[in-house]
Amino acid sequence: FQPPRGSSGSPDAIERGLRIARQGVTAANVAACAGCHGPADAPKSPRYPRLSGLAAEYVMQQLQLFRDRSRGGSEYAHLMHDVAAGRRGPVLREP
């Protein structure tokens with residue numbers, strides 16, 4: 001994963017996000033984003049979108065929509081509903 005060009009996040013926030021994307025947060029039961037969304041030579045499933053290079057604000061908005069169960073889009077949306085369930089405020093942003 002690489003932060004998007006022109007990212008406005010602090011270096012610490014960017015590093016934290018990269019660490020979550022690559023390793024997850026075991027203590028908060030958050031799986032690594034990379035496990036399903038890449039980067040890899042091939043995605044785990046062609047139905048799982050790549051996240052690399054997306055703006056943090058966009059990813060956060062999508063997580064909030066999944067959390068609120070107002071985001072669908074595929075037969076796999078329920079997986080992200082479960083990932084985002086119960087997370088609020090800063091917990092959603094930094095588990």
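Structure: see above.
Positions within a chain are numbered from 1, following the residues in the order the chain's sequence is written. For this predicted model, a pLDDT threshold of at least 70 governs which residues receive local features, and a threshold of 80 or more governs which side-chain atom pairs are given and counted, while totals over whole chains, interfaces and linings are taken from all residues. Side-chain calculation: all heavy atoms of the structure are included, whereas hydrogens and water are not.

**Some remarks on the packing of helix 3 (residues 56–67) against helix 4 (residues 77–84)**
- Only the stretch in contact is used when fitting a helix axis, every axis being a line fitted to C-alpha atoms; angles between N-to-C directions are given from 0 to 180 degrees. Under the scheme used here, helices are H or I runs from DSSP no shorter than 4 residues and strands are E runs no shorter than 2 residues, and both carry numbers assigned from the N terminus. One way to put it is that helix 3 packs onto helix 4 with a least axis distance of 7 Å and a crossing angle of 95 degrees. As summarised for this structure, helix 3 and helix 4 are arranged roughly perpendicular, according to the angle between their axes. Each of Leu 63, Phe 66 and Arg 67 in helix 3 lies in contact with helix 4, whose residues at this interface are Ala 77, Met 80, His 81 and Ala 84.
- Polar here means any residue outside two lists: the nonpolar Ala, Val, Leu, Ile, Met, Phe, Trp, Tyr, Cys and Pro, and the charged Asp, Glu, Lys and Arg; Gly therefore counts as polar. When the residues that make up the contact of helix 3 with helix 4 are grouped by side-chain class, the tally is five nonpolar, one polar and one charged. By the definition adopted for this analysis, an angle is roughly parallel if under 35 degrees, roughly antiparallel if over 145, roughly perpendicular if from 65 to 115, and oblique otherwise. Any two residues having at least one pair of non-hydrogen atoms within 4.5 Å are treated as being in contact.

**What to know about the packing of aromatic side chains**
- Within 6.5 Å between ring centres, the rings of Phe, Tyr and Trp (the latter by its six-membered ring) count as paired, and their orientation is classed by plane angle as stacked under 30 degrees, edge-to-face over 60, tilted in between. All told, the structure shown has one aromatic pair when counted by the stated rule.
- Taking 5.6 Å as the distance between ring centres and 85 degrees as the angle between the ring planes, the aromatic pair formed by Tyr 48 and Tyr 76 counts as edge-to-face. Within this pair, whereas Tyr 48 is found in the loop between helix 2 (34–37) and helix 3, its partner Tyr 76 is found in the loop between helix 3 and helix 4, the two being separated by 28 residues in sequence.
- Each residue gets one of three labels from its accessible area relative to the maximum for its type: buried under 20%, exposed over 50%, partly exposed in between, using a 1.4 Å probe on protein chains only. Since its relative accessible area comes to 28%, Tyr 76 is described here as partly exposed.

**Concerning the pattern of salt bridges**
- By definition, a salt bridge exists where a carboxyl oxygen of Asp or Glu is found within 4 Å of a side-chain nitrogen of Lys or Arg. Within the structure shown, the criterion is met by three salt bridges.
- Notably, a salt bridge pairs Arg 67 with Asp 68, separated by 2.9 Å at the nearest N-O pair.
- In this structure Arg 67 comes out as buried when scored by relative accessible area, which is 18%.
- Judged by its relative accessible area of 44%, Asp 68 falls in the partly exposed class.

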